[in-house]
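Descriptive analysis of the structure
So you can see what is in the structure, the chains are spelled out below.
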Amino acid sequence: MRTDRLTLVLLILPGAGFIFLFLAAAIAMTVLQSVGLYSLVGESKLTFEHWLSLADRTFIDSFLFSLKVGVGSAFGTLIFSYPLALFLRRRRFGTQLIGSIIKIPLFVPALVAAFLILNVLAFHGILNSALLGLGIIDRPLRMLNDKFGWNVLIIQIWKNLPFQLLILSATLESIQTDVEDAARNLGASPWRVIRHVILPLSAPGILIAVVLVFILTFGDYAITKVAGPVYPSSLSVLMYTEAFTLQQWGAAACIGVVITFASLLFVAIYARAARAVAEIGR
Amino acid sequence: MCACAAGFPAVSGLRLRNVVRHYGGFTAVDGVDLDIAKGELVTLLGPSGCGKTTTLRMVAGFMAPDSGDILFGERRMNDVPPHRRNTAMVFQSYALFPHMTVAENIAFGLKMRKIPAAEQTRRIGEAIDTVSLRGLEARRPGQLSGGQQQRVALARAIVTQPDILLFDEPLSNLDAKLREKVRLEIRELQKRLGVTTLYVTHDQVEALAISDRIVVMNKGRIEQVGAPETLYRSPVTSFVADFLGAANIVPGTAAGDHLVATPIGRFSVGPGRKLGGGPVKISWRPEDMRVVAPGAEANIVGARVRGVVFCGSFIELVLDAAGQQLRAQVDTGFRGREGDMLDFAVPSDRVRVVE
Amino acid sequence: MTDMALTIPPPYKRRRIGLKGFLVGLTVALLLVWTAVPLFMAVMWSLVNPDDPWSPPAVLPPSFSLAQWEYVFTFSEIGKAMATSFILAPVVTLLSFILSLPTAYAIGRLTFRGKEALRLLILLPIVLPAMVIAMFLSRTFQTFGLAQTFIGLVLGHTLLSMPYMLRILATAFEAIPQDVIDAAKNLGAGRLELVRHVLVPMVLPGLMAGSVFTFITSLEEFNLTFVIGTPTFQTIPTVLFDYLGYHFVRTNAAVVSIVLMVPSIALLLIAERYLKTEYLSSAFGKL
């Protein structure tokens with residue numbers, strides 16, 4: 001069905017055009033400011049000094065920290081979400097209930113999630129109360145804003161578990177039960193069915209789930225600001241500080257470019273994996 | 001390790017003893033009792049929902065009977081999980097592993113049994129040659145035609161030398177011509193290997209063509225078991241008569257030792273059950289009706305021709321006999337026309353009493 | 001020839017309600033704890049009586065009161081913030097819908113080159129780092145005098161919420177069988193009738209789901225509002241952020257958290273019948 005060019009463009013323009021316009025504006029501004037143009041303070045001229053200013057301990061530490069949070073969140077969530085997805089695959093009584101309970105964190109906004117977990121882990125929180133009550137410790141533990149970033153990881157895992165679960169469930173569903181039955185029939189024990197058939201067939205879906213959580217957590221601001229250690233901060237927090245506290249918009253823009261570039265890289269990986277997922281369904 | 005000379009099953013036969021299986025409030029299999037000898041190909045035949053696939057899956061171990069026993073030889077298998085049963089199933093959808101090559105698919109069962117590599121290669125090569133897949137070993141299922149996929153499924157099953165071979169409507173996704181060819185190949189292969197086989201289909205022509213015995217199932221119960229020709233010629237119930245080929249079924253009353261009075265005439269029926277008097281049904285095949293000149297002979301039916309249908313190798317007649325619709329198959333020399341009133345004869349030994 | 005059929009099977013007993021039931025129960029219990037306890041704790045903290053402090057090892061607060069709620073609603077910006085949030089969200093949803101509808105139709109039902117690239121473009125606002133977009137979009141807005149304005153907020157929120165609406169609507173359009181449209185045309189429906197009697201009713205569930213998602217996304221949006229809106233505009237999330245940072249008062253944060261969560265969860269429960277899993281996975285997972 002040949003749609004005429006003009007109609008197509010007119011249809012796409014409102015939605016895609018809007019997104020493109022503002023996204024391009026934001027990205028363009030980031031890139032331009034990173035090379036010294038459109039500067040707020042002082043004169044605007046093309047320079048790479050802002051980029052050079054990144055070569056210091058603070059940036060590297062923040063970069064590594066964000067990387068750690070991204071990878072840790074993505075795989076930490078996977079450890080729980082994949083077995084759960086496998087478990088929920090066969091319809092037993094209780095799957096409906098579990099499915100509903102699981103969905104809840106999906107609808108809890110990031111800041112609230114941060115608060116909820118911090119609340120639990122706080123000095124006066126339920127975890128300390130429980131541990132004290134059970135006699136495991138005799139004084140409450142200080143668990144907040146820890147240097148490693150465990151707070152952040154726990155919050156991100158809590159928040160992203162249903163998200164990964166959704167994606168993984170959809171992937172597992174696309175694997176025909178026939179193929180699983182055939183494997184069992186040919187002598188594969190339940191564990192070997194998973195290892196030889198289900199795992200390889202769900203690999204693209206796993207990749208998507210991991211990549212998406214990585215992207216979401218790598219560039220996070222709010223949760224890391226609230227629950228993360230004082231130093232190092234995540235890249236987004238560093239970027240914000242550079243801009244609003246230190247008025248170093250140039251440097252901030254450079255960090256922005258770095259985060260954006262990393263995200264785009266992983267978006268490309270996501271796109272690849274998504275295509276592979278589409279092919280499994282045959 | 002048993003090294004069996006010809007064929008491989010060491011297990012003698014498959015036995016189902018009063019197997020029952022429920023699905024929620026519905027009874028899918030209602031007391032199935034069956035004895036299959038070693039090396040036999042037995043077909044479970046029936047309409048969808050009759051319980052044949054459920055029975056097959058219970059033999060495979062995918063579900064357990066609610067009551068009753070499944071025995072491979074002397075051994076009770078109810079609690080044995082599917083991966084320890086040494087059965088092999090060819091699925092309707094073939095169920096090939098999409099992420100493995102043809103060779104890897106076929107190797108899977110051997111890998112699970114930890115067969116040494118050299119032996120694996122030998123057996124896989126043999127299997128590939130048996131189903132004529134030489135040259136396609138490195139392809140993936142997505143790159144194969146339907147017929148080729150089916151052969152991979154077959155090779156994958158037989159290479160494990162199973163005690164019992166199971167088929168779940170393996171030909172239903174193939175076109176008609178291919179179906180005819182492949183079912184013969186399956187039968188030849190099965191006979192050569194001598195493996196006990198349970199075959200499920202809803203296609204009665206297929207069942208008639210390849211089975212040692214057919215089990216006709218309806219609503220979870222067995223209607224009749226027997227060799228194809230026995231079932232065809234001597235159906236015990238009207239369901240079997242009507243399901244296997246076409247049948248003319250007429251109600252009547254017993255009127256003697258081998259005599260049945262019906263609204264369309266008196267019929268002398270073939271040997272079989274002794275008639276005890278009371279209402280019965282009789283059945284005969286359309287191809288057993290002959291046009292005869294008006295005259296005396298047993299089992300004459302006068303009928304008006306309502307339709308003449310050319311079917312290639314024969315002509316089918318739709319007949320009206322005193323309000324009862326009948327079908328006849330006559331040879332292509334038939335010259336009658338719609339509206340003709342004709343007499344047809346049915347030999348007594350071709351008329352059976354059915355329930 | 002294998003001995004498999006001849007060996008004695010290991011003790012594999014089929015205990016139907018035994019092991020499996022236990023695992024199900026255990027999983028449900030653990031999930032309940034994992035999910036519900038943090039929520040429960042927040043509610044508890046919002047109801048703490050200021051005259052009766054709650055500290056370990058007490059598992060529950062010694063007594064309850066609504067004092068914290070009173071405090072927050074009297075002395076904080078929460079009132080204005082709620083107004084802003086609840087005016088912003090519907091406006092954003094409406095704008096998203098109007099802009100998304102034609103594009104979603106094109107993606108869902110038309111074939112053209114570059115569709116995959118287009119889908120990726122639409123995904124970008126969600127996957128690109130939110131703070132980067134927030135900061136540098138605000139800088140752009142500053143140039144055009146849109147910073148610290150309501151319109152600026154609307155535009156920014158729409159940018160971030162629209163992808164959900166678009167993807168869900170596109171999936172809904174795609175799901176309309178071509179047969180149905182052909183049948184309608186065959187029976188005499190013109191373009192307008194087609195839209196009115198076939199397309200719109202059939203994408204209505206998707207529209208509902210998309211609206212719910214967009215509404216909630218706008219309600220919960222933080223980064224952009226924080227940069228572009230504050231201090232002129234406060235929304236519920238920015239107030240919460242305040243309470244989590246410098247002025248960390250547990251009880252206030254608890255109250256605001258609940259204020260933020262309740263509309264979201266309520267909306268989703270109401271929309272449960274439209275929110276089938278396909279919509280959720282189409283919003284997130286599939287390309």
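Residues numbered from 1 in each chain as written. Chains lettered and ligands numbered in written order. Predicted model: local features only at pLDDT ≥ 70, side-chain atom pairs only at ≥ 80, totals over all residues. Heavy atoms only, no water.

Right, let's talk about empty space enclosed by the protein for a bit. Under the criterion given, the structure shown has five cavities of 30 Å³ or more. Secondary structure elements with two or more residues in the lining of the largest cavity: helix H5 (110–121), helix H7 (150–173), helix H9 (190–218) and helix H10 (222–227) of chain A together with helix H4 (115–127), helix H6 (150–174), helix H8 (191–220) and helix H12 (277–284) of chain C. Residue classes in the lining of the largest cavity are distributed as 28 nonpolar, six polar and four charged. Taken as a whole, the second largest cavity holds about 80 Å³ of empty space. Lining the second largest cavity, in full, are Tyr232(B), Arg233(B), Pro235(B), Ala246(B), Ala247(B), Ser283(B), Trp284(B), Arg285(B), Asp288(B), Arg350(B) and Arg352(B). Within the residue set of the lining of the second largest cavity, elements represented by two or more residues are helix H7 (228–233) and strand S14 (279–284) of chain B. Looking at the lining of the second largest cavity residue by residue, the class counts come to five nonpolar, one polar and five charged. (1 Å grid on protein atoms, 1.4 Å probe; cavity = no way out; pocket = protein on both sides within 12 Å on 5 of 7 lines; lining within 4 Å. Points joined across faces, edges and corners; volume = space filled by probe spheres on them. Helix = DSSP H or I, 4+ residues; strand = E, 2+ residues; numbered from the N terminus. Nonpolar A, V, L, I, M, F, W, Y, C, P; charged D, E, K, R; others polar.)

With that settled, the discussion passes to the packing of aromatic side chains. Tallying each qualifying case throughout the model produces 29 aromatic pairs over all chains. Taking the centre distance of 4.6 Å and the plane angle of 50° together, the rings of Phe97(B) and Phe108(B) count as tilted. One end of the pair, Phe97(B), is in the loop between strand S6 (87–90) and helix H2 (102–112); the other, Phe108(B), is in helix H2, and 11 residues separate them in sequence. Classification of Phe97(B) by relative accessible area gives buried; the value is 0%. A residue is classified by how much of its surface remains accessible, and Phe108(B), at 2% relative accessible area, is buried. The ring of Phe148(A) has Lys68(A) lying over it, and the distance from NZ or CZ to the ring centre is 4.0 Å. (Phe/Tyr/Trp six-rings, centres within 6.5 Å; stacked < 30°, edge-to-face > 60°. Buried < 20%, exposed > 50% of the residue type's maximum accessible area, 1.4 Å probe, protein only. Lys NZ or Arg CZ within 6 Å of the ring centre and 35° of its normal.)

So, about the pairing of strand S10 (residues 221–226) of chain B. All names here are of chain B. One ladder, built from five bridges, connects strand S9 (residues 213–218) with S10; its direction is antiparallel. Note that in S10 the partner of Met217 across the bridge is Ile222. As consecutive antiparallel partners, S9 and S10 are separated by two residues, and within that stretch Lys219 has a phi angle of approximately 50°, a positive value. (Pairing = 2+ DSSP bridges.)

With that out of the way, let us pick up the interface of chain C and chain A. Between chain C and chain A, the contact holds 85 residues from the first and 86 residues from the second. Overall, the association of chain C and chain A removes approximately 7,600 Å² of surface from exposure, summing both partners, and the carbon and sulfur fraction of that is 82%. When the buried area of chain C at its contact with chain A is split by residue, Trp34(C), Phe136(C) and Arg139(C) rank highest and sum to 9% of it. Summed over the shared surface of chain C and chain A, the number is zero salt bridges. Where chain C packs against chain A, one counts six residue pairs in polar contact (both at pLDDT 80 or more). Considering each element in turn, the side of chain C that touches chain A owes the most residues, 15 residues, to helix H1 (residues 19–46) of chain C. Among the residues making up the side of chain C that touches chain A, the classes are represented as 63 nonpolar, 14 polar and eight charged. (Contact = heavy atoms within 4.5 Å. Buried area = accessible area lost by both parts, 1.4 Å probe. Salt bridge = Lys/Arg side-chain N within 4 Å of Asp/Glu carboxyl O. Polar contact = N/O pair within 3.5 Å; in protein donor to acceptor, adjacent residues only side chain to side chain.)

If pLDDT is low for a region, its predicted coordinates should not be looked at in detail. Per-residue confidence for chain A gives a mean pLDDT of 85; residues scoring 70 or more make up 94%. Averaged pLDDT values over the elements of chain A bottom out at 74 in helix H4 (residues 95–103) of chain A and peak at 92 in helix H8 (residues 177–185) of chain A. (pLDDT = per-residue confidence, 0-100.)

Okay, helix H6 (residues 126–133) of chain A next. Of the positions making up H6(A), those classed as buried are Ile126(A), Asn128(A), Ser129(A), Leu131(A) and Leu132(A). Backbone geometry just downstream of H6(A) places Gly135(A) in the positive-phi region, at approximately 80°.

Interface size is commonly expressed as the accessible area that is lost once the parts come together. Listed by partner, the interface residues are 25 residues for chain B and 18 residues for chain A. For the pairing of chain B and chain A, the buried interface totals around 1,900 Å² over both sides, and the portion due to carbon and sulfur atoms is 61%. The interface formed by chain B and chain A holds one salt bridge in total. Between Asp181(A) and Arg57(B) there is a salt bridge, with its nearest N and O atoms 2.7 Å apart. The interface formed by chain B and chain A includes eight residue pairs in polar contact (both at pLDDT 80 or more). Among the secondary structure elements, those contributing two or more residues to the side of chain B that touches chain A are helix H1 (52–60), S6 and H2 of chain B.

This paragraph deals with the side chain of Gln324(B). Looking at the element boundaries, Gln324(B) is found in strand S18 (residues 324–330). There is a polar contact of 3.1 Å between the side chain of Gln324(B) and the backbone oxygen of Ile249(B).

Below, the discussion takes up the nonpolar core. Soluble globular proteins: nonpolar side chains tend toward being buried together. Ranked by size, the top nonpolar core spans 205 residues in total, and within it Tyr221(A), Met239(A), Leu14(B), Phe108(B), Leu198(B), Met131(C) and Met135(C) carry the most contacts. Discounting residues that sit within four places of it in the chain, Met135(C) has contacts with Met239(A), Tyr240(A), Ala243(A), Phe244(A), Trp249(A), Ala252(A) and Val227(C). Core analysis: the next-biggest nonpolar cluster, separate from the first, contains 35 residues, Ala107(B), Val152(B), Leu171(B) and Leu193(B) among them. (Core = buried A, V, L, I, M, F, W, Y, C linked by side-chain atoms within 4.5 Å.)

Take the sheet that holds strand S19 (residues 341–345) of chain B next. Residues and elements named next belong to chain B. Reading across from one edge, S15-S19-S16-S17-S18 is the order of the five strands in this open sheet, with antiparallel pairing throughout. Strand pairing shows two members of the sheet lacking a second neighbour, strand S15 (290–292) and S18, which therefore form its edges. If you compare each strand with its neighbour and ignore which way they point, the axes differ by 50° on average. Strand direction decides the pairing type here: strand S16 (residues 300–310) and S19, joined by five bridges, are antiparallel. Residue Arg304 lies in a different strand from S19, and its bridge partner there is Met341. (Axes fitted to C-alpha atoms, helices over the stretch in contact; angles between N-to-C directions.)

Right, let's talk about the pattern of salt bridges for a bit. All names here are of chain B. Applying the stated criterion across every chain yields a total of 22 salt bridges over all chains. Notably, a salt bridge pairs Asp203 with Arg179, separated by 3.9 Å at the nearest N-O pair. With Asp203 in the loop between strand S8 (196–201) and helix H6 (204–210) and Arg179 in helix H5 (residues 176–193), this residue pair connects regions lying 24 residues apart in the sequence. For Asp203, a relative accessible area of 18% translates into the label buried. You can call Arg179 partly exposed: its relative accessible area is 24%. Three or more residues joined by partner-sharing salt bridges are found here, namely Glu119, Arg122, Arg123 and Glu126.

With that settled, the discussion passes to the packing of helix H1 (residues 5–34) of chain A against helix H5 (residues 130–143) of chain C. The axes of two packed helices give the description: the angle between them and the distance between them. With their axes 8 Å apart at the nearest point, H1(A) and H5(C) run at an angle of 90° to one another. Classed by the angle they form, the pair H1(A) and H5(C) counts as roughly perpendicular. Contact residues: Phe22(A), Leu23(A), Ala25(A), Ala26(A), Met29(A), Thr30(A) and Gln33(A) in H1(A); Val132(C), Ile133(C), Phe136(C), Leu137(C), Arg139(C), Thr140(C), Phe141(C) and Thr143(C) in H5(C). Of the residues in the contact of H1(A) with H5(C), the class split is 10 nonpolar, four polar and one charged. (Parallel < 35°, antiparallel > 145°, perpendicular 65-115°, else oblique.)

As a further point, take the sheet that holds strand S11 (residues 248–254) of chain B. Residues and elements named next belong to chain B. The sheet built from five strands is open, its strands ordered S13-S12-S11-S14-S20 with antiparallel pairing. Of all the strands in the sheet, just strand S13 (265–268) and strand S20 (352–354) have a single pairing partner and so form its edges. Looking at each pair of strands side by side, their axes are set apart by 45° on average, direction ignored. Here S11 runs beside strand S12 (residues 259–262); their pairing, made up of two bridges, is antiparallel. Bridging from a neighbouring strand, Thr253 pairs with Ala261 of S12.

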